[in-house]
Amino acid sequence: MHLDWTALGEVAAVSTGVTVAVVVVFALGVLGLARVEAAREGAADTGAPGGALGITQAGLCFLACAAVVAYGIYLIVPQFH
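Residues numbered from 1 in each chain as written. Predicted model: local features only at pLDDT ≥ 70, side-chain atom pairs only at ≥ 80, totals over all residues. Heavy atoms only, no water.

(A) Up close: the overall build of the protein chain. Tallying secondary structure elements over the protein chain gives two helices and zero strands in all. In terms of overall size, the protein chain is more extended than a compact globule, its C-alpha atoms giving a radius of gyration of 19 Å where 81 residues would be expected to give roughly 12 Å. Overall, the C-alpha framework of the protein chain stretches about 70 × 30 × 10 Å when taken along its three principal axes. Relative to its full complement of 81 residues, the protein chain shows a buried share of 14%. Long-range contacts, defined here as pairs at least 24 residues apart, represent 48% of the contacts in the protein chain between residues at least 6 apart. About 6100 Å² of surface is accessible on the protein chain, with carbon and sulfur atoms providing 74% of the total. (Helix = DSSP H or I, 4+ residues; strand = E, 2+ residues; numbered from the N terminus. Rg over C-alpha atoms; globule rule 2.2 N^0.38 Å. Buried < 20%, exposed > 50% of the residue type's maximum accessible area, 1.4 Å probe, protein only. Contact = heavy atoms within 4.5 Å. Areas by Shrake-Rupley, 256 points an atom, 1.4 Å probe, with all protein chains shown as cover.)

Next up, the structure:
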């Protein structure tokens, strides 16, 4: 039995990289939601900006995460090909 260690290393590296990227993008989406909440709480006190920007940021980040998950499911399930 022959094991292609280079291919295994590439798969491990890409998997780790994509996992870290999805976690970072999801965290940025949560940050966007936190901006919305801060804008709601501090609108009268400090005039904190970021309500519309936070919603847009959160929506785009969560949409990107959902797209990565959908693409992964597409790659795994053979009936989708």
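After that view, the rundown keeps rolling.
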